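# Secondary and tertiary structure notes
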Amino acid sequence: MKLRPEILATPPYRQGRPAGPDAFKLSSNENPFPPLPGVLEAVVASAAVNRYPDASALALREVLAERVGASVDEVHVGAGSVALLSQLITAAAGPGDEVVYAWRSFEAYPGLVTVAGATSVQVPNRADHSHDLDAIAAAVTERTRVVIVCSPNNPTGTVVSAEGFAAFLDRVPSDVLVILDEAYAEFVTDGSAVNGLALLGTRPNLVVLRTFSKAYGLAGLRIGWATGPAPILDAARAAAIPLSVTEPAQQAAIASLGLETELLERVGTLASRRDDLAASLRDIGLAIPAAQGNFLWIAAGDESTAVGEILLDQGVVTRVFPGDGVRISIGEADAVDGVIEAGRRIVDLLPADHPARRTEVRA
Ligand SMILES: *Cc1c(COP(=O)(O)O)cnc(C)c1O
C-alpha cells in the first residue's frame, strides 16, 4: 500500500490512559464536575439528530462575538480547538513550510503539522519550563508560516506574560500567522499573564483559540472556538471538514455561556485545589513549575515512568511523557491525598540533586 512515509512514521494520537473503577483519572485535564442541568437539557432539546447541524454555528458565534466585542466573521467554531488548529495549520502551511512552537508543549502539534505536509521546528522550553519567546522569535525564518504559542502551556503549566507576548508579536513578521492556544485561559490567576481576548483587533496575524472542553466541561461534545481577523478565519473555514460541529455541541455551548457564573465558580474551586496541591508538593520537596492550568507538571526526566507507577499505585492515573515528565490533572477533591502520598514516595525515589527536587525544603 502506497501511504505517505511521513504519516507512516507518525504515531497515532495517544489519549490519556483510562482509569480502573478504583482509580482517579487525572490523565486528560478533564473537568471532574458533571454537566450543569441546563446544559444537559439543551443537549436533549437539540436531539433532532436526523437533521444536519447549522454548518456555520451562527447562533453560538453571535453570542461569542457579542462577548468579545468582535463581529461574527471574526469568530469561528470547530469540533474542539484541535480541529481549529488543524484547519489553521493546513490553511497556512504545506510542504516546505515550517511551523514553529515550543517543546515540550501540546502533544497534538507535531502530528497536525506533519499531516499538513509541513515541517515542525521545536524550540526547547527554558529551565523553568516556560516558553522561550526570544528563541521562538529567533527561529522564525522565510519558511515559517505559523507560530504556535500555548499559554498556559500543556503540559508544563507555565504562562506567557502579556508584556513578553506583545514584545514577541513585534518581532514576528506580520504576514506569519501566530496562534495563541489558550485552552486553559479560564484557570489563570496570574495577573501578568497574557489574555488573547484583550489583543483582539490589534494585530493582523493573531488568532486566539479557546475551548469548551476544559473549564466548561464539554470535552465529550467536541467544541472550541477561534477569534481573530476574518480573512484568516475564512481560510480556516475553507480548510474545515464541513458540518463537523454537532447541534447538541452548539446548544450545550450556548447554554454553558448562560450558566457562566456557576461554571466559573467550579473553575475557581479547581484553581485553588491546584494551588493548594502545588504548595503541598513543594513543601514535601518537589519542584513544581508555576502552574496556571488545571494540571501540575513533575519534570521527572528519566524517572518519569517510575513516577507514573508510584502515582498509579496510589490510585491516580496520570499522563506520563517518558524521559520528560508526568502531568497530573486537577480532578476530584478525593484524589488529592493520594497525590500527596505519592509525592512523598517520589521525593524518596529521586536523587537529591534531581532537578525535580527542591533544594530548599520548608521545615
Ligand atoms: C485540551 C487542549 C486543546 C483542545 O482541546 P479540544 O478538546 O480539541 O478543544 C487545545 N490545546 C491545548 C493545549 C489543550 O491542552
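All values reported here derive from a predicted model rather than from experimental measurement. Position labels on residues start from 1 in each chain and follow its written sequence. This being a predicted model, a pLDDT of at least 70 is required before a residue's local features are given, and a value of 80 or more before pairs of side-chain atoms are given or counted; all residues contribute to the totals for chains, interfaces and linings. Note that the side-chain values use all heavy atoms of the structure and ignore hydrogens as well as water.

Quick look at the domain arrangement of the protein chain now. Partitioning the protein chain into domains gives domain 1 (15-32 + 261-349) and domain 2 (38-258). The term salt bridge refers to a pairing of a side-chain nitrogen on Lys or Arg with a carboxyl oxygen on Asp or Glu at a separation within 4 Å. At the junction of domain 1 and domain 2, the tally comes to 2 salt bridges. With its nearest N and O atoms 2.6 Å apart, the salt bridge here joins R104 to D324. Numbering of helices and strands runs from the N terminus, with a helix taken as a DSSP run of H or I at least four residues long and a strand as a DSSP run of E at least two residues long. Looking at the side of domain 1 that touches domain 2, the elements that each hand over two or more residues are α10 (260-283), β9 (295-298) and β11 (319-321). With 7 residues, the single largest contributor to the side of domain 1 that touches domain 2 is α10. Charged means Asp, Glu, Lys or Arg here, nonpolar means Ala, Val, Leu, Ile, Met, Phe, Trp, Tyr, Cys or Pro, and polar covers whatever is left, Gly included. The class makeup of the residues in the side of domain 1 that touches domain 2 is 12 nonpolar, 5 polar and 5 charged. What counts as a domain boundary in this text is fixed by an automatic or database domain assignment.

Before going further, it helps to examine the sheet that holds strand β2 (residues 75-78). An order of β2-β8-β7-β6-β5-β3-β4 is seen for the 7 strands of this open sheet, with the pairing classed as mixed. Two strands close off the open sheet at either side, each with one partner strand: β2 and β4 (119-124). Strand-to-strand twist across the sheet, computed as the mean angle between neighbouring axes with direction ignored, equals 25°. DSSP-based pairing: two strands are paired if at least 2 bridges between them are found. Inspection of the sheet shows strand β7 (residues 206-211) paired to strand β8 (residues 224-227) by 4 bridges, in the antiparallel sense. In the strand pairing of β8, L209 is matched with A226. Orientation is described by axes fitted as lines to C-alpha atoms, over the contacting stretch for helices, and by angles from 0 to 180 degrees between their N-to-C directions.

Every helix has an expected span of 1.5 Å times one less than the residues it contains. Taking 1.5 Å of rise per residue, the 12 residues of helix α4 (residues 81-92) would be expected to cover 16 Å, and the 16 Å separating its terminal C-alpha atoms lies within 8% of that figure. For each residue, the accessible area found with a 1.4 Å probe, counting protein chains only, is set against the maximum for its type, and the residue is called buried under 20%, exposed over 50%, and partly exposed in between. Along α4, the residues that are buried comprise S81, L84, L85, Q87, L88 and I89.

For the rest of this paragraph, the subject is the layout of surface pockets. One number sums up the size of the largest pocket: a volume of about 990 Å³. At the level of elements, α4, α5 (108-116) and β11 are the ones that each hand at least two residues to the lining of the largest pocket. It is α5 that contributes the most residues to the lining of the largest pocket, 5 residues altogether. Of the residues belonging to the lining of the largest pocket, the class tally is 17 nonpolar, 12 polar and 9 charged. Looking at which domains feed residues into the lining of the largest pocket, each of domain 1 (15-32 + 261-349) and domain 2 (38-258) gives three or more. The rule is simple: put a 1 Å grid over the protein atoms alone, call a set of points where a 1.4 Å probe fits but cannot get out a cavity, call an open set with protein on both sides within 12 Å along at least five of seven lines a pocket, and count a residue as lining if it has an atom within 4 Å of a point. Along its surface, the second largest pocket is lined by 18 residues, and S130, H131, V159, V160 and S161 are the ones closest to its centre. Among the elements of the structure, α6 (133-138) and α7 (162-171) are those that each provide at least two residues to the lining of the second largest pocket. The element that contributes the greatest number of residues to the lining of the second largest pocket is α7, accounting for 3 residues. Split into classes, the residues belonging to the lining of the second largest pocket amount to 7 nonpolar, 7 polar and 4 charged. Looking at the lining of the second largest pocket, you find at least three residues from each of domain 1 (15-32 + 261-349) and domain 2 (38-258). Grid points are joined across faces, edges and corners, and a volume is the space filled by probe spheres set on the points.

Sheet strands line up and pair through hydrogen bonds in the backbone, either parallel or antiparallel. With antiparallel pairing, the 3 strands of this open sheet are ordered in space as β9-β12-β11. Strand pairing shows two members of the sheet lacking a second neighbour, β9 and β11, which therefore form its edges. For this sheet, the mean inter-axis angle between neighbouring strands, taken without regard to orientation, is 20°. Pairing of β11 with strand β12 (residues 325-329) involves 3 bridges; the strand directions are antiparallel.

Turning to its location among the elements, T114 is positioned in helix α5. Overall, T114 belongs to the buried group, its relative accessible area being 18%. When neighbours within four sequence positions are excluded, T114 is seen to be in contact with R4, E6, I7 and T10. Contact definition: two residues touch when any of their heavy atoms are within 4.5 Å.

We call a residue near a molecule or strand as soon as one heavy atom of that residue lies within 4 Å of the molecule or strand. Near the ligand lie 13 residues; those nearest to it are S81, Y184, T211, S213 and K214. T211 places a polar side-chain atom, nitrogen or oxygen, 2.5 Å from an oxygen atom of the ligand. Whenever two N or O atoms come within 3.5 Å, that pair is a polar contact, provided that in protein one can donate a hydrogen and the other can accept it, and provided that, for residues adjacent in sequence, both atoms are side-chain atoms. The contact in question runs from an oxygen atom of the ligand to an N or O atom on the side chain of R222, over 2.7 Å. Only the protein chains shown count as covering a residue, and every accessible area follows the Shrake-Rupley method with a 1.4 Å probe. Expressed as a share of its isolated accessible area of 380 Å², the protein-covered part of the ligand is 94%. Should more than half of a molecule's atoms lie within 2 Å of a pocket's or cavity's grid points, that molecule is taken to sit in it. Its atoms largely coinciding with the cavity grid, the ligand occupies the largest pocket.

Moving on: the pattern of salt bridges. A complete count under the given rule lists 15 salt bridges for this structure. Its salt-bridge partner being E260, residue R67 comes within 2.5 Å of it at the nearest N-O pair. Highlighted residues: R67 in helix α3 (residues 58-68) and E260 in helix α10, separated in sequence by 193 residues. By relative accessible area, which is 41% here, R67 ends up partly exposed.

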